[in-house]
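Survey of secondary and tertiary structure
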Amino acid sequence: MNIEESRAGLEKHMLAQADSVGELLEQFRSRISPTLIDGPGWDRLLERARGLPISLATSGFGFELPLHEPEPRADLGVALFEGSLSAAHFEEWCRAHPDDPSTVAAYRLLRTMKRESAIQRIGGTKLMLEYDIDPGRVGPPPDPGIFLYPAPDALSGEESVRGLEGFHVAANAVAGAGGWKLEASERRRIERVFSAMPPGTHVGSVGAFPARSDGLRIAVTGFRSTRDFTAFLERTDWPGRPEAVAPFVSEMEERDAFAHLAAHFDIPAQGGLGPALGVSFYARDTQWVKEVDPWMELIDGVGEHGLAQSDKLSALASSWSGAEAVFGRRSMLLLVKGIHHIKLVISDGRFAQVKGYVFVLMLPPFPAAATTGGST
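All values derive from a computational prediction rather than experimental measurement.

1. Considerations on the overall build of the protein chain
Helix and strand content of the protein chain: 13 helices and 11 strands. Relative to the 2.2 N^0.38 estimate, which gives 21 Å for 376 residues, the radius of gyration of the protein chain is 20 Å and therefore close to what a compact globule would have. Reported as C-alpha extents along the three principal axes, the dimensions of the protein chain are approximately 55 × 50 × 45 Å. Across the 376 residues in the protein chain, those meeting the buried criterion constitute 56%. Intrachain contacts of the protein chain at a sequence separation of at least 6 include 70% that bridge at least 24 residues. Entry remark: accessible area of the protein chain is about 15,600 Å², with carbon and sulfur atoms responsible for 50%. Charged side chains in the protein chain number 38 positive and 49 negative. The centres of these two groups are separated by 4 Å.

And the structure:
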C-alpha cells in the first residue's frame, strides 16, 4: 500500500464520498465498537465532524481513545498535506467560511507551509489537527490543536546545527499560526531538549493547542531502549522523576512490546518544561500497522498493571484492526483500521492516563481506482 504515490487519485475519489467528515463517519458507524465511542460521546463527535469539510479526511483520520476513562468517547485527528488536492479544497472552504474560528490557525499554518522555503526544507508538508470532543462541555467547542510533522532526517540531533535551525523554524511557524511569538525562554528550552537528543532520534512533531494556552507541545521519537529514554529525560531537566517511568518501560522492553518510544513534552510560555510527560509506544517502525498481534504484549501489560479499563482494552484488541469492504455514498470502499500508537501520560510520579491512537483509512477497493480516482 503506497499511500504517497496514490494520494492524488485517492483524494479525488474520497472528495466525492461525502460533503463533511461527519457524513463520512456515519457511513461506517456500525464498525466502531460502542464500548469505545457511543452515547453523548458519539453524538458530540458527529456534531463536531459535520462542520468539517471532507478534505480533512481524504488521507486518513484517527481517534484518540481515553482508555483509562469509562466513558465511551474520543477526540478526532485529521490531516492535510500542503500542495495536495485536499489542501487546496480546504483553503477554498476556509475562504468561504471566514468567520469559522476553528480554521484560523490551520489556515495560517497551511499558508506558511506553502509560502516559506524554510518550512519546505525541513519536509514540513504534513499538518494535523486535533479536535477535543468533550460531551459535557457547555458552549462552543474549542479550536483544534495544530501540529507540524517535519521529515525525520531534517530535525535529527545527528546534524546539530541544521537540525536545531529546523526545530526553530517549525516552532516559529506553529507559534505564529497560534497567534503568538516565541519568547527567549522558550527558545532556550527548545535548545535544551534538542541538545539532549541521542543519535538515532528526531523531532517527530511540533504543535500547540491555541485554545488551551500559549505554549508548544513537542515529540521526540526513535528511542529503542529504556536506558536511552531515561538518560534523555535526565538531560532535558524534565521536572518529573525518570525513575518513575523506567520500571514499566523496562518491563515492556523485556516483553518486546515496542519497536521504539517517543517522549511528549509541554513547553509553556513561562517556566520550565511542563511536569506531565507523554510516553508513546510504537509496535513497529511503519505507520500503518493494521494487524493487532504486534500490540498484544503492550495491551496485556497495560491491563495487567490496571492502567486502563479492561473492557476498552478488549474492544481495542478485538475491533480495531484489519480491512473490509463497506458501502460508501458513491462506491464501495476499503475500510482499513489499526493502532498507530499507545501513549501513557505520567503525572505526579505515576501513569495517570492511557490513550489509544487509532487510524482509519478509507480507500478505493481496486488499485486502478486508487490511481485514477474513478468510482464504481
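2. Structural notes on the side chain of His260
With respect to the helices and strands, His260 occurs in strand S7 (residues 260–268). By relative accessible area, which is 10% here, His260 ends up buried. Here the side chain of His260 touches Asp285 through a polar contact of 2.9 Å, side chain to side chain. Ignoring any residue separated from it by four or fewer positions in sequence, one finds His260 in contact with Thr221, Gly222, Phe223, Arg224, Ser280, Phe281, Tyr282, Arg284 and Asp285.

3. Points about helix H12 (residues 310–319)
Regarding H12, the residues found buried are Lys312, Leu313, Ala315, Leu316, Ala317 and Ser319. The elements touched by buried residues of H12 are strand S1 (61–66), helix H11 (296–304), strand S10 (332–347) and strand S11 (350–363).

4. Focus on the pattern of salt bridges
Counted by the stated rule, this structure contains 18 salt bridges. Of the charged contacts, one joins Arg111 and Glu91 as a salt bridge, the two residues approaching to 2.9 Å between their closest N and O atoms. Residue Arg111 is located in helix H5 (residues 104–115), and its partner Glu91 is located in helix H4 (residues 85–96); the two are separated by 20 residues in the primary sequence. Looking at Glu91, the relative accessible area reads 4%, which means it is buried. The closest approach of N and O atoms between Arg241 and Glu243, which form a salt bridge, is 3.7 Å. One connected set of salt bridges, linked through shared partners, spans Glu251, Arg255, Glu297 and Glu304.

5. A word on the environment of Ala317
Relative to the helices and strands, Ala317 resides in helix H12. The exposure class assigned to Ala317 is buried, which follows from its relative accessible area of 16%. Separated by 18 residues in sequence, Ala317 and Ile299 place their C-alpha atoms 7.7 Å apart. Excluding anything up to four places from it in sequence, Ala317 contacts Val292, Met296 and Ile299.

6. Topic: helix H3 (residues 39–49)
When we look at burial in H3, the residues that qualify are Gly41, Trp42, Leu45, Leu46, Arg48 and Ala49. End-on view of H3: buried residues confined to an arc of 160°, all on one side of the axis. Of the exposed residues in H3, those oriented more than 90 degrees away from the buried face are Pro40 and Glu47. Against the buried residues of H3 lie helix H2 (21–26), S1, strand S2 (75–81) and strand S3 (126–131).

7. Some words on the packing of aromatic side chains
Here the structure, examined in full by the defined rule, presents 12 aromatic pairs. Members of the aromatic cluster, joined through ring pairs, are Phe28, Phe61, Phe63 and Trp320. The ring centre of Tyr149 lies 4.7 Å from the NZ or CZ of Lys126, which sits over that ring. Over the aromatic face of Trp320 sits the side chain of Lys337, whose NZ or CZ is 5.1 Å from the ring centroid.

8. Thoughts on the packing of helix H10 (residues 242–254) against H11
The geometry of H10 relative to H11 is characterised by a closest axis approach of 10 Å and an angle of 140° between their N-to-C directions. Two packed elements cross with a definite hand, and for H10 against H11 that hand is right-handed. Each of Phe248, Glu251 and Met252 in H10 lies in contact with H11, whose residues at this interface are Glu297, Leu298, Gly301, Val302 and Glu304. A class-by-class count of the residues in the contact of H10 with H11 yields four nonpolar, one polar and three charged.

9. Side note on the confidence of the model for the protein chain
Taken over all residues, the pLDDT of the protein chain has a mean of 90, while the share at 70 or more is 94%. Long-range and interchain partners of residues 367–376, a stretch whose pLDDT sits below 50, account for 22 contacts in this model, where long-range means more than four residues apart.

10. Regarding the nonpolar core
Formed by 116 residues in total, the largest nonpolar core has its most connected members in Phe61 and Phe63. By residue number, the principal contributor to this core is S11, which donates eight residues. Residues in contact with Phe61, not counting those within four places in the same chain, are Leu24, Leu25, Phe28, Leu76, Gly77, Val78, Val358, Phe359, Val360 and Met362.

11. A closer look at the environment of Gly200
Along the chain, the position of Gly200 falls in the loop between helix H8 (184–196) and strand S5 (202–208). For the pair formed by Gly200 and Ser59, sequence separation is 141 residues and the distance between their alpha carbons is 28 Å.

12. Things to note about the pairing of S10
Burial within S10 is extensive, with 12 of its 16 residues counted as buried. Pairing between strand S8 (residues 277–282) and S10: five bridges, direction antiparallel. Each residue of the ladder has a partner; that of Leu277, found in S10, is Ile346. Two elements, strand S9 (residues 322–327) and S10, share six bridges in a ladder whose sense is antiparallel. Opposite Val326, over in S10, you have Leu333 as the bridge partner. Linkage of S9 to S10, two consecutive antiparallel strands, is achieved through a turn of four residues. Sheet analysis places S10 next to S11, joined by 13 bridges and oriented antiparallel. Bridged to Lys337 within S11 is Val360.

Calculation notes
- Sequence order as written defines the numbering, with residues in each chain counted from 1.
- The predicted origin of the model limits local features to residues at a pLDDT of at least 70 and limits the giving and counting of side-chain atom pairs to 80 or more, whereas totals for whole chains, interfaces and linings rest on all residues.
- Hydrogen atoms and water are omitted, and side-chain values are computed over all heavy atoms in the structure.
- The helix count covers DSSP runs of H or I at least four residues long, the strand count covers runs of E at least two residues long, and both are numbered beginning at the N terminus.
- Radius of gyration here uses only the C-alpha atoms, and the compact-globule reference equals 2.2 Å multiplied by the residue count raised to the power 0.38.
- A simple rule labels every residue: compare its accessible area, found with a 1.4 Å probe on the protein chains alone, to the largest value its type can have, and call it buried under 20%, exposed over 50%, or partly exposed in between.
- Contact definition: two residues touch when any of their heavy atoms are within 4.5 Å.
- Surface accessibility in these figures is a Shrake-Rupley result with a 1.4 Å probe; residues are shielded only by whichever protein chains are displayed.
- Asp and Glu count as negative and Lys and Arg as positive, but His and the ends of the chain are not part of the count.
- Lysine's charge is taken at NZ, arginine's at CZ, aspartate's at CG and glutamate's at CD.
- Whenever a nitrogen or oxygen atom comes within 3.5 Å of another N or O atom, the pair is scored as a polar contact, on the condition that within protein one atom can donate a hydrogen and the other can accept it, and that pairs from neighbouring residues in sequence are kept only if both atoms are in side chains.
- Any carboxyl oxygen of Asp or Glu within 4 Å of a side-chain nitrogen of Lys or Arg constitutes a salt bridge here.
- The directions from the helix axis to the C-beta atoms are what the arc is built from.
- Stacked, edge-to-face and tilted labels apply to pairs of Phe, Tyr and Trp rings (six-membered ring for Trp) whose centres lie within 6.5 Å, assigned for plane angles under 30 degrees, over 60, and everything in between, in that order.
- Two thresholds decide whether a charge sits over a ring: the Lys NZ or Arg CZ must be within 6 Å of the ring centre and within 35 degrees of the ring normal.
- The angle between two axes is taken between their N-to-C directions and runs from 0 to 180 degrees, where each axis is a line fitted to C-alpha atoms and a helix contributes only its stretch in contact.
- The handedness criterion is simple: a crossing whose near helix is rotated anticlockwise from the far helix by less than a right angle is left-handed, and one whose near helix is rotated clockwise is right-handed.
- Amino acid classes used here: Ala, Val, Leu, Ile, Met, Phe, Trp, Tyr, Cys and Pro are nonpolar; Asp, Glu, Lys and Arg are charged; the rest, including Gly, are polar.
- Note on scores: pLDDT gives the predictor's confidence for each residue, bounded by 0 and 100.
- Residues belong to a common nonpolar core when they are buried Ala, Val, Leu, Ile, Met, Phe, Trp, Tyr or Cys residues joined through side-chain atoms within 4.5 Å.
- Only strands that DSSP links by at least two bridges are regarded as paired with each other.

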